[in-house]
Amino acid sequence: MTRLFAGTPFDIPPRCDRCGELEESCGCESLGPERLPAEKQTAKVRADRRKHKRMVTVVWGLDPVDCDLKDLLSKLKAACGSGGSLQDDQIELQGDHAARVKKQLQEIGFKIAK
Ligand SMILES: [Zn+2]
């Protein structure tokens, strides 16, 4: 790409909005989308009864751009010692782990909706 003022004193190389480094040398691109700190996000947790009286714990209300849901899912699976999956933009864990999930989310820093 050639810039209008390339090679003149007016040629200011573009800098990254995120880290302030020159865009050529910054590594932000590879970090993926910018996430919002957990402290600024509110999660909702509920236990649902599914077919055959199977219980699932659902974490919802988190924005998939602001929050790395895959990463959060693996943390919650580890904390609960149970399986789980992403369903659209909500996390579903097998079993009723609402209390443990809320505690874990709060430890990470999320706010929990009442
Ligand atoms: Zn950057």
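Residues numbered from 1 in each chain as written. Predicted model: local features only at pLDDT ≥ 70, side-chain atom pairs only at ≥ 80, totals over all residues.

## Some remarks on the sheet that holds strand E4 (residues 90-94)
Strand order in this open sheet of five strands is E3-E4-E2-E1-E5, and the pairing throughout is mixed. Each having just a single partner strand, strand E3 (84-87) and strand E5 (111-112) make up the two edges of the open sheet. Contacting strand E2 (55-60), E3 and E4, helix H1 (residues 69-80) crosses the sheet at an angle of about 20 degrees to E4. Helix H2 (residues 98-108) rests against strand E1 (42-49), E2, E4 and E5 of the sheet, and its axis sits at about 165 degrees to E1. (Pairing = 2+ DSSP bridges. Helix = DSSP H or I, 4+ residues; strand = E, 2+ residues; numbered from the N terminus. Contact = placed C-beta atoms within 7 Å. Axes fitted to C-alpha atoms, helices over the stretch in contact; angles between N-to-C directions.)

## A look at H1
Its 12 residues place the ends of H1 16 Å apart at the C-alpha level, agreeing with the 16 Å of an ideal helix rising 1.5 Å per residue. One or two positions beyond H1, positive phi appears at Gly-81, with a value near 60 degrees. (Expected span 1.5 Å × (residues − 1).)

## Observations concerning the nonpolar core
Ala-43, Val-59, Leu-76, Ile-91, Leu-93 and Val-101 are the most contacted members of the largest nonpolar core, which has 13 residues in total. Among the secondary structure elements, those contributing two or more residues to this core are E1, E2, H1, E4 and H2. When residues no more than four places from it in sequence are discounted, the contact partners of Val-101 are Val-45, Thr-57, Val-59, Leu-76, Cys-80 and Leu-93. (Core = buried A, V, L, I, M, F, W, Y, C linked by C-beta atoms within 7 Å. Buried ≥ 20, exposed ≤ 12 C-beta atoms within 10 Å, placed from the backbone.)

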